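Architecture at a glance
Read off the chains here:
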Amino acid sequence: MSSSYILRRVGYGLILMLGVVVLNFLLIRLAPGDPAVVIAGEMGGASDEMLASIREDYGLNKPVITQLGIYVGNVLQGDLGKSFFFDQPVSSLIGQRIGATILLVITAQILSILLGVFLGVIAARKPNGVMSGFVSVFATIGYAVPVFWTGIMLIILFASVLPIFPVEGMQSVRLRSAGGLTWALDVAHHLVLPAFTLAIIYLAQYARLSRASMLEVLGSDYIRTARAKGAAEKTVLFKHALRNAALPILTVAGLQFGNLISGALLVETVFNWPGMGRLAFDSILRRDYPTIMGVLFFASAMVVVANILTDISYRWADPRLRGKS
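In this report, the structure presented in the accompanying data block is examined. (Residues numbered from 1 in each chain as written. Predicted model: local features only at pLDDT ≥ 70, side-chain atom pairs only at ≥ 80, totals over all residues. Heavy atoms only, no water.)

Quick word on the packing of helix H5 (residues 90-125) against helix H6 (residues 130-144)
Two numbers describe how H5 lies on H6: the axes approach to 7 Å, and their chain directions differ by 140 degrees. Considering the angle they form, H5 stands oblique to H6. Our pair here, H5 against H6, has a crossing hand that is left-handed. Contacts between H5 and H6 involve Leu-119, Ile-122 and Ala-123 on the former and, on the latter, Met-131, Ser-132, Val-135 and Phe-138. Classifying every residue of the contact of H5 with H6 by side-chain character gives 6 nonpolar, 1 polar and no charged. (Axes fitted to C-alpha atoms, helices over the stretch in contact; angles between N-to-C directions. Helix = DSSP H or I, 4+ residues; strand = E, 2+ residues; numbered from the N terminus. Parallel < 35°, antiparallel > 145°, perpendicular 65-115°, else oblique. Left-handed = near helix turned anticlockwise from the far one by under 90°. Contact = heavy atoms within 4.5 Å. Nonpolar A, V, L, I, M, F, W, Y, C, P; charged D, E, K, R; others polar.)

This is the structure in structure tokens:
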């Protein structure tokens, strides 16, 4: 794989990000509502003169196209503006929350891929067996159930019936000053329910996809040859078949990364997880435009980077694509 290909993909990603910045700004600013009124409301109300002063302080009295030019110029310099409500730089607010979101999304992605692929491979061994039927039913139910409903049901279950997992927050109050292994175990304990809630929909998809992909690969001539040579069934499944069946799974995993981030908004709200999703929810309620646009910018950047890495990984995994531009 040539470096020119990677640079070209990065260039396309930067152009896409510029388009996202412009589109997000226009959609949010053209939405009904006046953030100056919200800011004044937090202050206990204000006169018309005070509202005009607030609009001038935040640049809201300028034409939308002028505001867009100023915002894009600031973003290119790494300045995402200042939050109307929190009265802090947006980059600082996101910096405080992005780690929690990345932890949740990455954990859910790994969990869904590992469990989904494992179930799919097991189901493909006997396509007419009980496990194959279970995977099909589980995939249908898992894909149909809304993520917020799953989260609420898990909260009810583990808050009253089986209180073995925390149902709110990222850390226990009594362990906030702890460090090292104690802190990590406490965060992991709080992570179980949000990560499983976010992962279950995609776990079902990966299970069904890997089952179908494995069934196609297991019917290939080279698989029959490997079995004829006396290769162990585990070797046939996980070394020969899974490597080729994993290519469509890899592609879907990259495409689903954006859906994981959007799903994290609901999960973080349900479980009060202190990530970017929760920050976006609070900012939407308060019409905090700079914070909303900052969260959307970082979420879009994460999706673009994930897609670039997926494309590169796909070409690395499939030798037929390495020489193509």
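There is more to say, and it comes next.
Concerning the nonpolar core
Counting 65 residues, the largest nonpolar core has Tyr-71, Ile-94, Leu-104, Leu-198, Met-214 and Leu-218 as the members making the most contacts within it. Contacts of Met-214, omitting those with residues within four sequence positions, involve Val-121, Ala-124, Leu-237, Ala-241, Leu-242 and Ala-245. The next biggest cluster of nonpolar side chains, apart from the first, holds 5 residues, and it includes Leu-119, Ala-123, Val-135 and Ala-207. (Core = buried A, V, L, I, M, F, W, Y, C linked by side-chain atoms within 4.5 Å. Buried < 20%, exposed > 50% of the residue type's maximum accessible area, 1.4 Å probe, protein only.)

With respect to unusual backbone geometry
If you check the backbone angles, Asn-272 has positive phi at about 50 degrees while not being a glycine. For Asn-272, a relative accessible area of 31% translates into the label partly exposed.

Brief notes about helix H7 (residues 147-161)
For H7, which comprises 15 residues, the first-to-last C-alpha distance of 21 Å matches the rise-based estimate of 21 Å (1.5 Å per residue) to within 8%. Along H7, the positions that sit buried rather than exposed are Val-147, Thr-150, Gly-151, Leu-154, Ile-155 and Phe-158. Buried positions in H7, seen along its axis, are confined to an arc of 135 degrees and lie on one side of it. Among the exposed residues of H7, those oriented more than 90 degrees off its buried face are Ser-160 and Val-161. (Expected span 1.5 Å × (residues − 1). Arc of directions from axis to C-beta.)

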